[in-house]
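These are the residues of each chain, in order.
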Amino acid sequence: MQSVFTVRASSWGRLFDCAHAWEGTHLLGMRKPAGMRAQLGTAVHAGTAAFDRARIDGTVCTPDDAAGVAVAELHSPDREVDMAQDGLSLAEAERIALTLIVRYCMEIAPRLKFIDVETTLDPLEIDCGNGLTVRLTGQMDRGRVADTEGGIAINDVKTGARAVQDGQAVTRGHAAQTGTYQLMYDATKRVRTVGSQIIALSTSGRAETAISPIFDARRVMTGDEDRPGLIEHAAAMFRTGLFPPNPSSVLCSRKYCARWSTCLFKG
Ligand code: SF4
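The rules we used
- Residues numbered from 1 in each chain as written.
- Predicted model: local features only at pLDDT ≥ 70, side-chain atom pairs only at ≥ 80, totals over all residues.
- Heavy atoms only, no water.
- Helix = DSSP H or I, 4+ residues; strand = E, 2+ residues; numbered from the N terminus.
- Rg over C-alpha atoms; globule rule 2.2 N^0.38 Å.
- Buried < 20%, exposed > 50% of the residue type's maximum accessible area, 1.4 Å probe, protein only.
- Contact = heavy atoms within 4.5 Å.
- Pairing = 2+ DSSP bridges.
- Salt bridge = Lys/Arg side-chain N within 4 Å of Asp/Glu carboxyl O.
- Axes fitted to C-alpha atoms, helices over the stretch in contact; angles between N-to-C directions.

Which residues make up the overall build of the protein, and what are the values?
Along its length, the protein carries eight helices and 12 strands. On C-alpha atoms alone, the protein measures out to a radius of gyration of 19 Å, which is about the 18 Å that the 2.2 N^0.38 rule sets for 267 residues. Over its C-alpha atoms, taken along the principal directions, the protein stretches across nearly 55 × 45 × 35 Å. Counting all 267 residues of the protein, 48% fall into the buried class. Expressed as a percentage of contacts within the protein between residues at least 6 apart in sequence, the contacts between residues at least 24 apart total 71%.

Okay, here's the thing in structure tokens:
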């Protein structure tokens, strides 16, 4: 019998950070409310996507219009948000969002030639042998596709207090998600992307922005001749049904892990 395991692009990072937490959320249905910082990220993405979408469509969306989209998203979350979870007030979140949106529209977007925003991608099934299939899914709701000098690249917008460090966009930990987007985009559009790029928008008080160099994220997923990639490592977990805990994860806390209250291994 064929077993199909579905992994959303955005959840690959968590699968290899703490597989036990991933199992709790994605196989056992454990949930927890988002914090204000996550909602700030959602709002910034909504505003920047509105701006980029308008440029592709040839319609008008000013930085003010984009800021308006972000503020509306902040005030009307479509999921449960725990406003007190991470000590960020709605007013402060709004101030950071407005600063970041303006900087994005004025400094980042003009440097990139986007050809796709918020693209819907076809699920991609990978036969991992012995009756096991890994199904890649995920909408590029935070991703863009840019036409660069080297070819087509996936651009993923990342927000967070540590998204920019020493003036550089942090790419560590993002290759699994963007590599999945590369594989799915290639299959959906019948092209071959040249790599991925992180657009980092820091939600710390300094509201820094940075763009990373293009890097080969696809290889992280598929591996190479001598080394298995993450898809094969994930298939091994799915085959055995063993999802190892990682109490050393920086996300091992009541705040970030939906399995925390019942987890035997929590740090
Ligand atoms: S509490 Fe820690 S070890 Fe347990 S599932 Fe969550 S992140 Fe993993």
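Mind laying out the pairing of strand S6 (residues 132–137), listing which residues take part and the relevant values?
For S6, the tally of buried residues reaches five of six residues, placing the bulk of the element in the interior. For strand S1 (residues 3–8) and S6, the ladder comprises six bridges, and the chain directions are parallel. Bridging from a neighbouring strand, Ser-3 pairs with Leu-132 of S6. Sheet topology note: the strand S5 (residues 124–127)/S6 ladder contains four bridges and is antiparallel. When the sheet's bridge partners are listed, Glu-125 is paired in S6 with Arg-135. Counting the residues between successive antiparallel strands, the hairpin from S5 to S6 contains four residues, one of them, Gly-129, with a positive phi of roughly 85°.

I'd like a rundown of the pattern of salt bridges, residues and numbers included.
This model, assessed by the stated rule, comprises 12 salt bridges. As a salt-bridge pair, Arg-259 and Glu-23 come within 2.9 Å of each other at their nearest N and O atoms. With Arg-259 in the segment after helix H8 (230–240) and Glu-23 in helix H2 (residues 19–27), the pair connects residues that are 236 residues apart, well separated along the chain. Each member of the pair, Arg-259 as well as Glu-23, is classed as buried. Ionic pairing is found between Arg-135 and Glu-125, a salt bridge with its closest N-O pair at 3.1 Å. Placement of Arg-135 in strand S6 and of Glu-125 in strand S5 is noted, with a sequence separation of 10 residues between them.

Can you break down the sheet that holds S5 residue by residue, with the values?
Strand order across the open sheet formed by three strands is S1-S6-S5, with mixed pairing between neighbours. The open sheet has two edge strands, S1 and S5, and neither has a second partner. Neighbour-to-neighbour, the strand axes of this sheet turn through a mean angle of 25°, independent of strand direction. The strands touched by H8 are S1, S5 and S6; relative to S6, the strand with the most contacts, the crossing angle is about 125°.

Any chance you could break down the sheet that holds strand S7 (residues 143–147) for me, citing the residues and the numbers?
Strand order in the open sheet formed by five strands is S4-S7-S8-S11-S12, and the pairing between neighbours is mixed. Edge positions in the sheet fall to strand S4 (114–117) and strand S12 (209–211), since each of these pairs with one other strand and no more. Strand-to-strand, the axes of this sheet are offset by a mean angle of 20°, without reference to chain direction. Across the sheet, helix H3 (residues 36–57) lies against S4, S7, strand S8 (152–160) and strand S11 (195–202), angled at about 130° from S4, the strand it touches most. Contacts between helix H6 (residues 175–189) and the sheet are confined to S4, S7, S8 and S11, with S8 contributing the most and set at about 145° to the helix.

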